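The chain contents come next:
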Amino acid sequence: MGSCSRPIFAALCVWLAVVATAEDPYHFFEWHVSYGTISPLGTPQQGILINNKFPGPEINCTSNNNIIVNVFNELDEPLLLTWSGIQHRKNSWQDGTAGTMCPISPGHNYTYKFQVKDQIGTYIYFPTTALHRAAGGMGMIKVHSRPLIPVPFDNPAQEHAILLGDWYNKGHKTLKRALDAGRSIGKPDGIQINGKSSKVGDAAEPLLTMEAGKTYRLRVCNVGMRLSVNFRIQGHTMKLVEMEGSHTVQNVYDSMDIHVGQCMSLLITAQQTPKDYYFVASTRFFKQVLTSVATIRYASGNGPASSTLPPPPPENHGVAWSMNQFRSFRWNLTASAARPNPQGSYHYGQINITRTIKLASSRQVVDGKLRFAINGVSHVDPETPVKLAEYYGMADKVFKYDLVKDEPPKETNAKVVVAPSVKNATFRNFVEIIFENQEKMVQTWHLDGYSFFAVAIEPGRWSPDKRKSYNLQDAISRHTVQVYPNSWAAVMTTLDNAGMWNLRSEMRERAYLGQQLYLSVVSPEHSLRDEYNLPPTQLLCGIVKGKPNLALYS
């Protein structure tokens, strides 16, 4: 951490004073992203470290804080980091995706600057370039409520970050070569928990140590590449209190499904016989069940954890069980949000839908190579980020708008278009997005720049009469939604954040091979009230390289 007096940050501070509220605190970070040897599953391999750590450093901040992260790329490939779930109000320039930013070249640095405006909750950051996420480079972002805004539970004794997910022993470059050659990356090799994988009986450092009678907050995120995970704790129940930036109705669970890219907070109370217990994570909806454990230790405990692990949910009813668990998640309408007003003061169910966008995923072979598509369009990243091309009035030289239509093609074998995919969206429209999954695996979808209300997940195909099943009162406001096999999910949001925003599959194989698009949300007034100008330090590449920095908005 540092201050504006440090030379490396001095040039930024004048600009930051304009785009951020002066009284909101700043947090400065200097990150060096490099290769290093890691062994998440016990096999040494090349990993991506941040300041020699895997998982990377936590960003621990408070609502409305300004975050400054100076990233030095010490890899041998270009690099971008995205801050998944951080809304970047009016500032898609800092989103960290190939459609909004030029990557940081090897041996160079770039300083991200953004504000966690009116947000609280649990989020992750990770690399979006190549298949770097398969090698690490990820960490947790904790955004706390401001001191004067009450939280709907007592302060826990401690908080613990838990990043878990599937893992491949093959290196990220090997996996990328497989995708570039038109093949799948195949099945993962195991489950890692905070960079480690243990079996029952292994002698390992505890994941956390608890004192009897005290309550602890576990912030848990699935940072895997492909698979849903169920986690549970021997002898203990878990109380859900927050999910992707929203306080929840505080239901108690024996185990929890968490899908790729999702985060949540749970409370656990140390009220059992003092000894060791296992935290168990196992894959879901996958023929081969991969399991890893970590030890939770009582400070005054005496005795090892039992070798009998709590079972996962029944696989023969797995989707139904998981779907019912989703239906049990509810927004806590009486809790305060990041602002003093209650979460339930926003009555989204009373707003008229102005547009319905129905998106169907597909897996197809195009010119002998595997591709994934949305409504028959498989996205590729052009050399010039689509946001920069649009800002400089050169969009027609880089991409065509609206290749993805609001309805999927009626022909089941329609030809897939491989091209940059940008969809026009109207500023401040209230939209309904339907994700339809006609495949055999669970999928997770994420929208940058926004939270949406996940109002329904149901089996079968969606039709307008399905709106009768929507939760229009207390669906959770979040930024990811899972879609089960042969099922659909519906979300609703107001497009009030101007910018270029990535809508993607959270499965990195799918996103890399085209299952993503960008929503162009343009304010008709072209005003700084709605969107920031191009930052003076922004990297330029492609056809805009060498162009003057234009301040288009006033």
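Just so you know, these numbers come straight off a predicted model, no measurement behind them.

### A short note on the pairing of strand S34 (residues 516-522)
Reasoning step 1: With six of seven residues buried, S34 is to be regarded as a mostly interior element.
Reasoning step 2: Note that strand S33 (residues 499-505) and S34 share six bridges and pair antiparallel. By the bridge assignment, Arg-504 is partnered in S34 with Gln-516.

### Concerning the environment of Ser-378
Reasoning step 1: You can see Ser-378 is positioned in strand S23 (residues 377-378).
Reasoning step 2: Linking Ser-378 and Pro-206, residues 172 residues apart in sequence, is a C-alpha distance of 44 Å.
Reasoning step 3: In contact with Ser-378, not counting residues within four places along its chain, are Arg-371, Phe-372, Ala-373, Val-416, Val-417, Val-418, Ala-419, Leu-513 and Gly-514.

### A few points about the side chain of Asp-530
Reasoning step 1: Its place among the elements puts Asp-530 in the segment after S34.
Reasoning step 2: A relative accessible area of 4% places Asp-530 in the buried class.

### Observations regarding the state of the cysteines
Reasoning step 1: Going through the model one piece at a time under the given rule, you end up with two disulfides.
Reasoning step 2: Covalently, Cys-102 is tied to Cys-541 through a disulfide, its sulfur atoms 2.1 Å apart. Taking the torsion about the sulfur-sulfur bond, which here is approximately -90°, the covalent link between Cys-102 and Cys-541 counts as left-handed. Of the two residues, Cys-102 sits in the loop between strand S5 (81-84) and strand S6 (109-115) while Cys-541 sits in the segment after S34, which places them 439 residues apart along the sequence.
Reasoning step 3: Relative accessible area serves as the criterion here: at 16%, Cys-541 is assigned to the buried category.
Reasoning step 4: Between Cys-221 and Cys-263 runs a disulfide, and the two sulfur atoms are separated by 2.1 Å. Measuring handedness by torsion sign, the sulfur bridge of Cys-221 and Cys-263 sits at about 115° and is right-handed. Placement of Cys-221 in strand S12 (residues 215-222) and of Cys-263 in strand S18 (residues 263-269) is noted, with a sequence separation of 42 residues between them. Accessibility classification places Cys-221 together with Cys-263 in one group, the buried group.

### Comments concerning the sheet that holds S5
Reasoning step 1: Spatial strand order, S3-S8-S7-S5: four strands in an open sheet with mixed pairing. For this open sheet the edge positions go to strand S3 (59-62) and S5, each flanked by a neighbour on one side alone. Direction aside, neighbouring strands of the sheet carry axes that sit 20° apart on average.
Reasoning step 2: Summarising the sheet, strand S7 (residues 121-127) and strand S8 (residues 139-144) pair through five bridges and their orientation is antiparallel. Along S8, the bridge assignment pairs Tyr-125 with Gly-139.

### Notes on the environment of Ser-198
Reasoning step 1: Within the element layout of this structure, Ser-198 appears in the loop between strand S10 (190-193) and strand S11 (208-210).
Reasoning step 2: Ser-198 sits in the buried class, given a relative accessible area of 14%.
Reasoning step 3: Considered as a pair, Ser-198 and Gln-443 are 245 residues apart in the sequence and their alpha carbons are 27 Å apart.
Reasoning step 4: Discounting residues that sit within four places of it in the chain, Ser-198 has contacts with Ala-204, Ser-292 and Val-293.

### A word on helix H3 (residues 318-328)
Reasoning step 1: Listed as buried for H3 are Gly-318, Ser-322, Met-323, Gln-325 and Phe-326. The arc that holds every buried residue of H3, seen down its axis, measures 155°, which confines them to one face.

### Things to note about the side chain of Ser-362
Reasoning step 1: Within the element layout of this structure, Ser-362 appears in strand S21 (residues 355-366).
Reasoning step 2: Taking the relative accessible area as the measure of exposure, Ser-362 reaches 19% and is therefore buried.
Reasoning step 3: Polar side-chain contacts of Ser-362 include one of 3.2 Å to the side chain of Gln-364.
Reasoning step 4: Setting aside chain neighbours within four positions, we find Ser-362 in contact with Arg-371, Phe-372, Ala-373, Glu-439 and Gln-515.

What counts and how
- Residues numbered from 1 in each chain as written.
- Predicted model: local features only at pLDDT ≥ 70, side-chain atom pairs only at ≥ 80, totals over all residues.
- Heavy atoms only, no water.
- Buried < 20%, exposed > 50% of the residue type's maximum accessible area, 1.4 Å probe, protein only.
- Helix = DSSP H or I, 4+ residues; strand = E, 2+ residues; numbered from the N terminus.
- Pairing = 2+ DSSP bridges.
- Contact = heavy atoms within 4.5 Å.
- Disulfide = S-S within 2.5 Å.
- Axes fitted to C-alpha atoms, helices over the stretch in contact; angles between N-to-C directions.
- Arc of directions from axis to C-beta.
- Polar contact = N/O pair within 3.5 Å; in protein donor to acceptor, adjacent residues only side chain to side chain.

So yeah, pure geometry; function would need other evidence.
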